[in-house]
Amino acid sequence: MAFLALAAALPLAGCIEPLYGASGGLDNSPLASELQSIEVEEIPGRMGHYVRNELIYGFNGTGSTVQPRYRLSVTLRERVQTPILDTVTGRATSATVIADADYKLVTWPQNVEVTKGTAFNIASYDRFSNRFANVRAARDAEIRDAKVIADSIRTRVATEVAARGPVATPALPR
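Cut-offs applied
- Residues numbered from 1 in each chain as written.
- Predicted model: local features only at pLDDT ≥ 70, side-chain atom pairs only at ≥ 80, totals over all residues.
- Heavy atoms only, no water.
- Pairing = 2+ DSSP bridges.
- Helix = DSSP H or I, 4+ residues; strand = E, 2+ residues; numbered from the N terminus.
- Polar contact = N/O pair within 3.5 Å; in protein donor to acceptor, adjacent residues only side chain to side chain.
- Contact = heavy atoms within 4.5 Å.
- Buried < 20%, exposed > 50% of the residue type's maximum accessible area, 1.4 Å probe, protein only.
- 1 Å grid on protein atoms, 1.4 Å probe; cavity = no way out; pocket = protein on both sides within 12 Å on 5 of 7 lines; lining within 4 Å.
- Points joined across faces, edges and corners; volume = space filled by probe spheres on them.
- Nonpolar A, V, L, I, M, F, W, Y, C, P; charged D, E, K, R; others polar.
- Core = buried A, V, L, I, M, F, W, Y, C linked by side-chain atoms within 4.5 Å.
- Axes fitted to C-alpha atoms, helices over the stretch in contact; angles between N-to-C directions.

Regular strands place their side chains on alternate faces of the sheet. Here strand β3 (residues 94-107) runs beside strand β4 (residues 113-126); their pairing, made up of 13 bridges, is antiparallel. When the bridges of β4 are listed, Val 106 appears paired with Glu 113. Connecting β3 to the antiparallel partner β4 that follows it, the hairpin turn spans 5 residues, and Asn 111 within it adopts a positive phi of roughly 65°.

If you want it as structure tokens, here you go:
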């Protein structure tokens, strides 16, 4: 039985290639240099700050400065719902932070759309009688949302850029 499984998988051995690199690490692959050339525009608000930082680190965790070939814009929406109420006190015992992010990646300076989409996440937290504990728990939920949204956007953008191939860098006028 194991022989049949091995024989069936053998023709597919060369068909699968890793998304982020050939045999080296992330920094040596052609996709890594394309992702490093993505400039992430400012996103308003505290949660926007979290999402932008996660995206910058996810695309270019090396800290190197690369001439931008793409521009990523993100529009973020956030809302809080309190689905569970204590019937005795009338206070919410939990809350849910719902975040939606519309993103659009364009080539720069040609402004040709590469990909766009929506990423979302839902993070819940417990509410307590202590106000400061509630503020910190809400902020932690925002940070969890930001990490998941940024990771989702990064994966979708990386998949699209990998399928598209590298963009030629325009020559700068002298």
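The subject of this paragraph is the side chain of Ser 37. Inspection of the secondary structure assignment puts Ser 37 in the loop between α2 (30-36) and β1 (38-40). Here the side chain of Ser 37 touches Glu 34 through a polar contact of 2.6 Å, landing on its backbone oxygen. Discounting residues that sit within four places of it in the chain, Ser 37 has contacts with Val 66, Gln 67, Pro 68, Arg 69 and Tyr 70.

Looking now at the pairing of strand β2 (residues 70-81). Bridge count for β1 against β2 is 3 bridges, and the pairing is parallel. Considered in β2, the bridge of Val 40 is made with Leu 72. Note that β2 and β3 share 12 bridges and pair antiparallel. Residue pairing in the sheet places Arg 77 in a bridge with Asp 100 of β3.

Here we come to the environment of Thr 75. Topologically, Thr 75 is positioned in strand β2. Its relative accessible area of 48% is what places Thr 75 among the partly exposed residues. Thr 75 sits 43 residues away from Thr 118 along the chain, and the two C-alpha atoms are 9.4 Å apart.

Approximately 170 Å³ is the volume found for the second largest pocket. Gln 36, Ile 38, Glu 39, Ile 56 and Asn 60 are the residues nearest the centre of the second largest pocket, which is lined by 13 residues in total. Taken together, the residues that form the lining of the second largest pocket break down as 6 nonpolar, 5 polar and 2 charged.

A few words on the nonpolar core. Of all hydrophobic cores here, the largest spans 26 residues; its most connected members are Leu 55, Leu 72, Ile 153 and Val 157. Among the elements of the structure, α2, β1, α3 (46-59), β2, β3, β4 and α4 (131-164) are those that each provide at least two residues to this core. Top contributing element to this core by residue count: α4, with 7 residues. Membership of the second largest hydrophobic core comes to 7 residues, among which are Ala 95, Ala 123, Ala 138 and Ala 141.

Time to look at the sheet that holds β2. Strand order in the open sheet formed by 4 strands is β1-β2-β3-β4, with mixed pairing between adjacent strands. For this open sheet the edge positions go to β1 and β4, each flanked by a neighbour on one side alone. Pairwise comparison of adjacent strand axes, ignoring direction, gives a mean angle of 20° for this sheet. Packed on one face of the sheet, α4 meets β1, β2, β3 and β4 and runs near 155° to β4.

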